[in-house]
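Read off the chains here:
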Number of protein chains: 2
Amino acid sequence: MNIILLSGGSGKRLWPLSNDIRSKQFIKIFKTENGQYESMVQRVYRQIMKTDPNATVTIATSRTQVSSIHNQLGEKAGISVEPCRRDTFPAIALATAYLHDVQGVPEEETVVVCPVDPYVEEDYFAAIKQLGERASRTDANLVLMGIEPTYPSEKYGYIIPESSSQVSRVSTFKEKPDMETAGSYIRQGALWNGGVFAYRLRYVLDKARGLMGSADYEDLFNRYDTLDKISFDYAVVEKEPRIEVMRFAGQWKDLGTWNTLTEAMEETSIGKAMMDETCANVHVINELDVPVLAMGLQDVVISASPEGILVSDKARSSYIKPFVDKIHQHIMFADKSWGSFRVLDVEEGSMTIKVTLNPGHSMNYHSHKNRDEVWHVISGKGRAVVDGLNQEIEAGHVLTMKAGCRHTVIAETELKLIEVQLGKDISVHDKEKHVLG
Amino acid sequence: MNIILLSGGSGKRLWPLSNDIRSKQFIKIFKTENGQYESMVQRVYRQIMKTDPNATVTIATSRTQVSSIHNQLGEKAGISVEPCRRDTFPAIALATAYLHDVQGVPEEETVVVCPVDPYVEEDYFAAIKQLGERASRTDANLVLMGIEPTYPSEKYGYIIPESSSQVSRVSTFKEKPDMETAGSYIRQGALWNGGVFAYRLRYVLDKARGLMGSADYEDLFNRYDTLDKISFDYAVVEKEPRIEVMRFAGQWKDLGTWNTLTEAMEETSIGKAMMDETCANVHVINELDVPVLAMGLQDVVISASPEGILVSDKARSSYIKPFVDKIHQHIMFADKSWGSFRVLDVEEGSMTIKVTLNPGHSMNYHSHKNRDEVWHVISGKGRAVVDGLNQEIEAGHVLTMKAGCRHTVIAETELKLIEVQLGKDISVHDKEKHVLG
């Protein structure tokens, strides 16, 4: 089974856990059987591998998410990196070309595309496998998953099938209706469109050749920023007459807001949290080291991270976006390909951060124009290179780098250091990368 | 006018702004005319000085509050330091002896004792001045302030006066009644006992001689831990037949809980906070650098500090204490005589803190047995002494102190430094003070 997982936007609606650089699919919020927490992307990947240990998984995503994917999945999944943000047709065409040209999947094989963020059980991936199998033997060009609606939602698109059988030709598509219309669609046998569909690679490669002038991965990648911003639904699905839908009646939840996300949580709190006995339907997700105490609240979500604190009535939480757009908070935490950093203190003319490097990883060899830096290793061991000079480092070592000085750390074990930056105009953009000679 | 301000306990009921080492009277929560914020103790001191610029103010308090008082009031107020916690009779006796022996106030002068934490206006201090004047010319030994009740509270003690005139002899005292009884007291003309009373110094010095065997400040101080734990009300007030009460009808609020405290706030938020338009009667007090976003809440107080985050229905907030008793949070922030510190990061085997020294101040010359420390000056200038060696320091300087090494910093301007501690069993108790030779 070949799967393309679409790992999309920045997801401000789950602020303060998600923000411009950290997407909701990477928040570790789901408790697993062994008591650890996993993210949406980890959960989905694990479920796919359980359904089909030989599945080829390719994640279609932006450059900013690559580090987080490597951190959470290691090097297991293929990644089709979008050089900039276009829409789903360019993203799916690029990922399909990646599967063919880079992964060597033959044109006649099928692939299933699905979003990375629904909250589902393993039966969903069994259905996805059937979807791929159906696509390989039907004369339809596209096979969609149609989710049996559980209520007349105004948030989803609807697929109207020609019949009520398990697999049917599609009669038509309806975009987000009002509740009454949604009810009438459902009485006609309509299904939710969860954005899941299967096709033979050749079909989308042909579409790319026809509509983008090429199906060559490298070519598409290089001129990605010139491709039209157009959705796959609009460019392909809605124009395709040979299209089928296969019913799925299992659990499917869209975790786009705090309200729906907390419904999928196993426990009422993650992190340090206390609630009094008068709290009802309260969820606390606390990433800070200090406790949250909730008293006398009903239907409230509390979420605290290094970026800020949200306290919201659950129903109101879906209106969060315009408020978060107004917050211009310095990024306080980030996952990097080599580990993570957290801002500890910001002052005029200085910034103190904590850097954690994963074993075997190193940051870029780099220098800064306008700031001096001091590293104080607080745990672990490794090697530092400062202006070409190698030195072993371990807890207790202090390294001083003046502005202009080139430096990097290579972690042997997990290595943590406190970095004090000092200078005018401290900025993430003041960074020049160098080749480590 | 002589005033003794009783500055009491640790006030866990305003967690996370107050805790074991930071009392509610030092939280800067009241906006002044110039847009700055002041604490209860600063507000009360300012109001006293406006009422009587020549007032002698003595704060009776524990050792742990001395630094905060110096930070907030400078050296202006006298401080009668209680060597350990006893009850109000020992505290008042000690402070009265301090006024007499240390401040040189004659025995025939009067003093007014009042708690530091009621939320009042200047008419209250005008009444306090009258209370002192009354005590100097009446033949009663004690003159109490009786506050005109505004509702039948179950939280306060009641004074039943003999008559309804402005000044009256006291008929009897009643302790915290139920609401119905409180109503009947009020119909009889009862007044709230706000713990404010005036007397001639000689009166309490005589009581100390009679009940404690001495009225000598040094003697009382030295054997303070052997004195009985007994309240002034029980030991003196309730046994005194020659006792008057003077009515006060102005504003008086007890700010013991988040509910009452937020009622006294001028604005709905302090610090970085956003609320949506559906929030009603919500208060946010945020001491963190990152924003709080509140949505769809009613009658809720949100308070965030380096110690933790409280989100509580306002009425429930008075039941906070047993929950805070369960929190065993490392102290994350503290005012010191020389400035303040804040914990930035805690790891197994290391701790990173930010130290701020006020201009002209220095920490103790000290050493640690079990940890190395590194200072990185991030702003300001001053002088460091490390194992007897003096050196000028300024932003950018890095100083390394191995375990056992003696060290201090003397700030010339405000001086900020990042201190990284490294070692086993890092503890505030691992500190040896030395004389700076």
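The model shown is predicted, which means the values in this text are computed figures rather than measured ones.

### Considerations on the side chain of Ser340(B)
Residue and element names in this part refer to chain B.
Okay, so step 1: Mapped onto the fold, serine 340 is located in strand E21 (residues 339-347).
Okay, so step 2: Given the relative accessible area of 16%, serine 340 is considered buried.
Okay, so step 3: Once residues lying within four places of it in the same chain are set aside, the contact partners of serine 340 are Phe333, Ala334, Asp335, Lys354, Val355 and Thr356.

### Observations regarding the nonpolar core
Okay, so step 1: In terms of nonpolar packing, the biggest core is built from 70 residues, with Leu297(A), Ile302(A), Leu297(B) and Ile302(B) touching the most fellow members.
Okay, so step 2: Counting residues in hydrophobic clusters, the runner-up holds 42 residues, among them Ile48(A), Leu131(A), Tyr156(A) and Trp192(A).

### Some details on the relation of the copies chain A and chain B
Okay, so step 1: Mapping chain A onto chain B calls for a rotation angle of 180° and an axial translation of 0.0 Å; the resulting RMSD is 0.1 Å. The superposition of one copy onto the other is thereby described by a two-fold rotation axis. Looking at the rotation axis and the C-alpha trace of chain A, the residue lying nearest is Leu344(A), at 2.9 Å.

### Remarks on the packing of aromatic side chains
Okay, so step 1: All chains considered together, the criterion is met by 28 aromatic pairs over all chains.
Okay, so step 2: Relative to Phe248(A), the ring of Tyr124(A) lies with its centre 5.6 Å away and its plane at 75°, an arrangement referred to as edge-to-face. Of this pair, Tyr124(A) sits in helix H4 (residues 122-137) while Phe248(A) sits in strand E12 (residues 243-248); the two residues are 124 residues apart in sequence, bridging distant segments of the chain. The exposure classification of Tyr124(A) matches that of Phe248(A), with both residues buried.
Okay, so step 3: Through pairs of rings, three or more aromatic residues link up here, namely Phe89(A), Phe197(A), Tyr199(A) and Phe232(A).
Okay, so step 4: The side chain of Arg316(A) reaches across the aromatic face of Tyr319(A), ending 4.6 Å from its centre.
Okay, so step 5: Lys239(B) extends its terminal NZ or CZ atom over the ring of Tyr234(B), reaching a point 4.8 Å from the ring centre.

Definitions and cut-offs
Residues numbered from 1 in each chain as written. Chains lettered and ligands numbered in written order. Predicted model: local features only at pLDDT ≥ 70, side-chain atom pairs only at ≥ 80, totals over all residues. Heavy atoms only, no water. Helix = DSSP H or I, 4+ residues; strand = E, 2+ residues; numbered from the N terminus. Buried < 20%, exposed > 50% of the residue type's maximum accessible area, 1.4 Å probe, protein only. Contact = heavy atoms within 4.5 Å. Core = buried A, V, L, I, M, F, W, Y, C linked by side-chain atoms within 4.5 Å. Least-squares fit on C-alpha atoms with pLDDT ≥ 70 in both. Phe/Tyr/Trp six-rings, centres within 6.5 Å; stacked < 30°, edge-to-face > 60°. Lys NZ or Arg CZ within 6 Å of the ring centre and 35° of its normal.

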